[in-house]
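Breakdown of the fold
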Amino acid sequence: MEDHQLQMAPASLRAGRLRKAPENFLGANDIRTVRAEARRGRRDFIRNSFAAAMAGGAAAYAGAQETVGQGDPAILELPKWSTSLGKPVAMTGYGRPSKYEGNVQRRRSPGLTQTTQASVSFAPLQSLFGIVTPSGLHFERHHQGWVDVDPQQHRFMVNGMVRKPMVFTMDDLMRMPSVSRFYFIECGANTGMNWGNVAVPTVQYSHGMLSCSEFTGVPLIRLLEMAGADLDGRRFVLAEGADGSSMTRTIPMSLVKSGEVLVAYGQNGEMLRPQNGYPLRLVVPGVQGVSWIKWLRRVEVGDEPWGSKDEAVHYIDLMPGGQHRQYTSIQECKSVITTPSGGQVLLDKGYYSITGLAWSGRGKIRRVDVSVDGGRNWKTAQLQEPVMDKCLTRFRLDWVWDGKPAIVQSRAIDDTGYVQPSYKQLRDVRGTGNVYHNNAIQSWLVQENGEVKHVQVA
Ligand SMILES: Nc1nc2c(c(=O)[nH]1)N[C@H]1C(S)=C(S)[C@@H](COP(=O)(O)O)O[C@H]1N2
Ligand SMILES: [Mo]
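Quick look at the site of ligand 1 now. Close to ligand 1 lie 22 residues, the nearest being Phe139, His143, Asp243, Arg281 and Lys294. Between ligand 1 and Asp243 there is a distance of 2.8 Å, counted from a nitrogen atom to a side-chain nitrogen or oxygen. A distance of 2.8 Å separates an oxygen atom of ligand 1 from a polar side-chain atom of Asn276. In the complex, 100% of the free accessible area of ligand 1, which totals 530 Å², lies under the protein chains. The cavity that encloses ligand 1 is the largest cavity. Split by residue class, the shell around ligand 1 holds nine nonpolar, eight polar and five charged.

Below you can see the structure in the form of structure tokens.
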């Protein structure tokens, strides 16, 4: 296919081409099955893409003509849903995805030891479009299990260096003016397994402690002002959760003063899900997930960081020379290609739309570069609008795969000019003792047989 034809290819062609190959991917445990299924599905795939291929004038789809000659029952015969009565409106008041999408699931990593309560489930980034994570697929990270909080009984307290300590009910909070904003949340441990040079099989497990939602709530600064908080000088807040872990984290007041930190009850147009902190959670844009306290019950104002148990043990970067960084708050600029990515199978050489996600805790994504030759050459990817502050940004690049092994990588640059580092650059600074905050460039190897796997490239 010529370059200009690629530019001309209609959206339906681009979408149709991808949909069949990778979207069926299940979990690491199921890789074999899926690969077999993908091969079996190959003929259907070519058949399905025929209409689109003709529309695009793309003769590159070998087999299309032949298939027409044979007659495609999916076109020539009416399926049963075209010749029968449909079902009445859904009997369950709350809708669910199509039964054909049942393999799009949050998953627990086969490579991580988990206790029942201290656990993680990863979002299926390889199956998602755009930038918003459906609430039912939002990753989960609980230090002491999730809890079903009764909103009638839930209280939110503001105390510490305030003139008038205050307690809010959910009703109190929900009658205040609210704001709704799109932000990403990423656990500081995301991509942590890659530090160990472990071949993480899929992007779900390497990068799936990442999600993005529209959050609705009240800026924390408004509540602090109501309580007459002493906001001058060196100030911090401590946020505390109502779950059994009594998760507590220190947050610098400068972030709160920016107005971005929200006491949120809404997620993607509805109330938070119980697993994500219902009925109240702190939203701390750009900052690692652990500070986004769920089941939020208290914020205290103080003049020193607290150094709480959750700050003494978790998400600390061990640096060379025996030092450690206790507070890493901002999630630095990072990106990952979600298609093609580990575990997926490219069914044929030819056109693919490389796509992925980029984000920065410091602001907006300015540019994303993509390489298909292991970082020797880079092309600028297209950014999908809107590109928002501290939010996921979707990028894509046209690619014609020649059937030879290829290493695909993405490198994001944010509006501070920070460039996502290579694994080696990060190692040079952090040493080898570190497991958190890995924002290195991710490499996927597309093998000759079309199977994609993770490789660690310097
Ligand atoms: N109360 C409370 N808040 C919490 C946690 C927790 O265990 N308890 N886990 C934290 C961690 S480590 C992360 S990464 C995020 C995960 O948010 P999610 O489960 O909504 O994805 O919540 C944070 N807030
Ligand atoms: Mo986390």
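Another aspect to go through is the pairing of strand 17 (residues 365–371). In terms of burial, strand 17 is a largely internal element, five of the seven residues being buried. Pairing between strand 17 and strand 21 (residues 406–414): six bridges, direction antiparallel. If you follow Val370 over to strand 21, its bridge partner there is Ser410. Bridging between strand 17 and strand 18 (residues 379–380) involves two bridges; their strand directions are antiparallel. Bridge assignment links Asp369 to a residue of strand 18, and that residue is Thr380.

Quick look at the confidence of the model for the protein now. Caution applies to low-pLDDT regions: their predicted coordinates should not be interpreted in detail. Model confidence for the protein is summarised by a mean pLDDT of 85, while 83% of its residues fall at 70 or above. Long-range and interchain partners of residues 1–65, a stretch whose pLDDT sits below 50, account for 85 contacts in this model, where long-range means more than four residues apart.

Glancing now at the layout of surface pockets. When its volume is computed, the largest pocket comes out at roughly 690 Å³. By residue class, the composition of the lining of the largest pocket is seven nonpolar, seven polar and seven charged.

Summed over the entire model, instances satisfying the criterion amount to 18 salt bridges. Put simply, Arg234 and Glu304 hold a salt bridge, and the shortest N to O gap is 3.2 Å. Pair noted here: Arg234 is in the loop between helix 9 (220–226) and strand 7 (236–241) and Glu304 is in the loop between strand 12 (296–302) and helix 11 (309–313), with a separation of 70 residues, a long-range link. Arg234 sits in the exposed class, given a relative accessible area of 51%. Close ionic contact of Asp369 with Arg411 constitutes a salt bridge, the shortest N to O distance being 2.9 Å. A residue pair is termed long-range when its members are at least 10 positions apart, and Asp369 in strand 17 and Arg411 in strand 21 qualify at 42 residues. The exposure class of Asp369 is buried, given its relative accessible area of 2%. One network of salt bridges, with partners in common, ties together Glu240, Arg297, Arg298 and Glu300.

Turning to the sheet that holds strand 8 (residues 248–252), a few remarks are in order. Spatial ordering of the open sheet is given by 4-3-12-7-8, a layout of five strands whose pairing is mixed. The sheet is open, and its two edges are formed by strand 4 (166–169) and strand 8, each paired on a single side. On average, adjacent strands in this sheet sit at an angle of 20° to one another, irrespective of strand direction. As paired elements, strand 3 (residues 155–160) and strand 4 share four bridges and run antiparallel to each other. Residue pairing in the sheet places Phe156 in a bridge with Phe168 of strand 4.

A separate point is the environment of Gln384. Within the secondary structure layout, Gln384 lies in the loop between strand 19 (382–383) and strand 20 (393–401). Taking the relative accessible area as the measure of exposure, Gln384 reaches 46% and is therefore partly exposed. Along the backbone, Gln384 and Arg394 are 10 residues apart, and their C-alpha atoms lie at a distance of 5.3 Å. In this structure, Gln384 is in contact with Thr393 and Arg394, ignoring residues within four places of it in sequence.

A separate point is the sheet that holds strand 16 (residues 350–359). If you walk across this open sheet you meet the four strands as 15-16-20-19, and the pairing is antiparallel. Unpaired on one side and paired on the other, strand 15 (334–339) and strand 19 mark the two borders of the sheet. In this structure, strand 15 lies alongside strand 16, joined through five bridges in antiparallel fashion. Counted as the bridge partner of Thr339 is Thr355 from strand 16.

For strand 22 (residues 443–446) and strand 23 (residues 452–455), the ladder comprises four bridges, and the chain directions are antiparallel. In the sheet register, Val446 faces strand 23, and the bridge partner there is Val452.

So, on to empty space enclosed by the protein. Inspection of every chain in the model, using the stated rule, returns four cavities of 30 Å³ or more. Volume-wise, the largest cavity comes out at about 240 Å³. Lining the largest cavity are 21 residues, and of these Arg141, Arg281, Gly289, Trp292 and Lys294 sit closest to its centre. A total of three residues in the lining of the largest cavity trace back to one element, the largest contributor, which is strand 2 (residues 140–142).

What follows deals with the nonpolar core. Counting 86 residues, the largest nonpolar core has Phe156, Leu220, Leu224 and Leu282 as the members making the most contacts within it. The greatest single-element share of this core, amounting to five residues, is contributed by strand 16. When residues no more than four places from it in sequence are discounted, the contact partners of Leu282 are Leu220, Ala239, Ile251, Val261, Leu262, Val263, Ser291, Trp292, Ile293 and Leu296.

Conventions adopted
- Residues numbered from 1 in each chain as written.
- Chains lettered and ligands numbered in written order.
- Predicted model: local features only at pLDDT ≥ 70, side-chain atom pairs only at ≥ 80, totals over all residues.
- Heavy atoms only, no water.
- Near = heavy atom within 4 Å.
- Polar contact = N/O pair within 3.5 Å; in protein donor to acceptor, adjacent residues only side chain to side chain.
- Areas by Shrake-Rupley, 256 points an atom, 1.4 Å probe, with all protein chains shown as cover.
- 1 Å grid on protein atoms, 1.4 Å probe; cavity = no way out; pocket = protein on both sides within 12 Å on 5 of 7 lines; lining within 4 Å.
- Sits in = over half its atoms within 2 Å of the grid points.
- Nonpolar A, V, L, I, M, F, W, Y, C, P; charged D, E, K, R; others polar.
- Buried < 20%, exposed > 50% of the residue type's maximum accessible area, 1.4 Å probe, protein only.
- Helix = DSSP H or I, 4+ residues; strand = E, 2+ residues; numbered from the N terminus.
- Pairing = 2+ DSSP bridges.
- pLDDT = per-residue confidence, 0-100.
- Contact = heavy atoms within 4.5 Å.
- Points joined across faces, edges and corners; volume = space filled by probe spheres on them.
- Salt bridge = Lys/Arg side-chain N within 4 Å of Asp/Glu carboxyl O.
- Axes fitted to C-alpha atoms, helices over the stretch in contact; angles between N-to-C directions.
- Core = buried A, V, L, I, M, F, W, Y, C linked by side-chain atoms within 4.5 Å.

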